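# Reading the structure
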Amino acid sequence: MFDKSNDIELKDFLLIRDLIEARSGIRVRDSRKDYLGYRVRERMSATGIVDFEEYYFFLKYSSGDAGEFQLLMNLVTVQETCFYRNTDQLRSFQDIILRGIVDRKKAEGSNHIKVWSAASSTGEEALTLAMIINETLDFPNAWRVEILGTDISTRAVDLCRKGIYPKERFDNLPKDKLAKYFDVVEGGYRAKRILSDMISFEHFNLIKDIDSVRVPRLKNMDVIFCRNVFIYFPQETQQAIASKFLELLVPEGHLLLGNAESVDIRKVPFIMTFLPGGMIYQKV
Ligand SMILES: C[S@@+](CC[C@H](N)C(=O)[O-])C[C@H]1O[C@@H](n2cnc3c(N)ncnc32)[C@H](O)[C@@H]1O
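Quick caveat, the model's predicted, so the values are computed rather than measured.

With that settled, consider helix H6 (residues 124–136). A turn of α-helix holds 3.6 residues, and therefore any two residues three or four places apart point the same way. Between its first and last C-alpha, H6 extends 18 Å over 13 residues, near the 18 Å set by a 1.5 Å rise per residue. In terms of burial, H6 is a largely internal element, twelve of the 13 residues being buried. Residues of H6 that are buried include every one of Glu124, Glu125, Ala126, Leu127, Thr128, Leu129, Ala130, Met131, Ile132, Ile133, Asn134 and Thr136, and no others.

This paragraph deals with the pairing of strand E9 (residues 271–275). Here five bridges tie E9 to strand E10 (residues 278–282), and the two strands are oriented antiparallel to one another. Residue pairing across strands places methionine 272 opposite tyrosine 281, the latter belonging to E10. In this antiparallel pair of consecutive strands, E9 and E10, the connection spans two residues, and glycine 277 shows a positive phi of 100°.

Together, Ile265, Met272, Phe274 and Met279 line one region of the surface with nonpolar side chains, adding up to about 360 Å² of accessible area. In this structure, phenylalanine 274 sits in strand E9.

The local shell around the ligand holds 21 residues, among which Ser24, Thr81, Arg85, Asp151 and Asn228 are the closest. Alanine 119 is positioned with one of its backbone polar atoms (N or O) 2.8 Å from a nitrogen atom of the ligand. Within the side chain of asparagine 228, a nitrogen or oxygen atom sits 2.7 Å from an oxygen atom of the ligand. By residue class, the composition of the shell around the ligand is eight nonpolar, eight polar and five charged.

All right, on to the sheet that holds strand E8 (residues 249–257) then. An order of E6-E2-E1-E7-E8-E10-E9 is seen for the seven strands of this open sheet, with the pairing classed as mixed. Two strands lie at the open edges of the sheet, namely strand E6 (199–203) and E9, each paired on one side alone. Across the sheet, the axes of successive neighbouring strands diverge by a mean angle of 20°, strand direction being ignored. Packing of helix H7 (residues 154–162) onto the sheet brings it into contact with strand E2 (144–151) and E6, and relative to E6 it is tilted by some 160°.

Conventions we followed
Residues numbered from 1 in each chain as written. Predicted model: local features only at pLDDT ≥ 70, side-chain atom pairs only at ≥ 80, totals over all residues. Heavy atoms only, no water. Helix = DSSP H or I, 4+ residues; strand = E, 2+ residues; numbered from the N terminus. Expected span 1.5 Å × (residues − 1). Buried < 20%, exposed > 50% of the residue type's maximum accessible area, 1.4 Å probe, protein only. Pairing = 2+ DSSP bridges. Patch = residues over 30% accessible without salt bridge, like charges linked within 9 Å, V, L, I, M, F, W, Y side chains within 5 Å. Areas by Shrake-Rupley, 256 points an atom, 1.4 Å probe, with all protein chains shown as cover. Salt bridge = Lys/Arg side-chain N within 4 Å of Asp/Glu carboxyl O. Near = heavy atom within 4 Å. Polar contact = N/O pair within 3.5 Å; in protein donor to acceptor, adjacent residues only side chain to side chain. Nonpolar A, V, L, I, M, F, W, Y, C, P; charged D, E, K, R; others polar. Axes fitted to C-alpha atoms, helices over the stretch in contact; angles between N-to-C directions. Contact = heavy atoms within 4.5 Å.

In C-alpha cells, the structure reads:
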C-alpha cells in the first residue's frame, strides 16, 4: 500500500497512462493507479514541480535519454529477470533451434549467428544466451556470434554495460559455470570476455525504434527472444511488434516469447510449434 498523499486523481492517472502507452506500448493497469501515482509524485518532488498539470506538460514535451519521460520510464518499468529463466525453453532453444541453426549455417558456408534479446532488462538473458551458444558450438572461436541486448530503460542498459552482478543473482547458475564464465570483481561478478565479446547492449524502444531502415543491424536475426514484455502491451501492439519481428528474422528464423505470451498466427503468419518450455514461432 502507498501513502494516501501519493494518490493521483483518476483524470491525471488517465493522462499519464495514455502518454506512457502511446510512447512505450506499456498499458498501466487500473490496479496500478496508486503505484503510478507514487512514482509520479517521486518525480515531481525530484523536479521541484508541485502542480500536476505543469508536470504533465513537462513530461509530455521532454525528450532524450536524460529527459523526464525517460526518467519516469526508468521507474515504472519492471526489470524482473534472472540467469537461465525458463530452463525448459532454453533447453529447447539449445537442443533444437540452435543445433538446427548451426547445421544450416554450416551447409550455407556461413559462420555468423545473430540473436536479439529484445527486452534484455539488466542483461542476464543475453549473458545466458552467450553461455548456451558457447557450450553448443564445437569451435566457438571459429564463429562470429552477435547478441544484441536492448531495453527501453536506460537505467537497465547502464547496468548491463557495467556488467557487475551481486552474488545472489547467480542462485540459478551451476557453480562450474560461474567459475568458467565470470570473474570476481569488487561488488560481485563480471562476465569474462568470452561472453561479453559476443554481446552489445543498447537503449531501444520496441514501439519507436523498431525500423530496420533506421537500424540496419536489426536485419537478418536468426533468433529473437522477446520474453516477458508482451504481457505489458495491448493485443494490437503485440501483433504490430510481432509483424516487425517477422520482417527482421532470416527465413526459418525463430521468435521465443515468455510463457504467458503468444502471437495470433492468423494475423502474423508464423508457424507455431509446441516444444518443452512453451511455444516457438518460426518464419517460413
Ligand atoms: C520483466 S523484464 C523481462 C526481461 C527478460 N526478457 C526476461 O524474460 O527475463 C521486461 C523488460 O521489458 C522492458 N520494456 C518494456 N517496454 C519496452 C519497450 N517498449 N521497448 C523495450 N523494452 C521494453 C522493461 O524495461 C523491462 O526491462
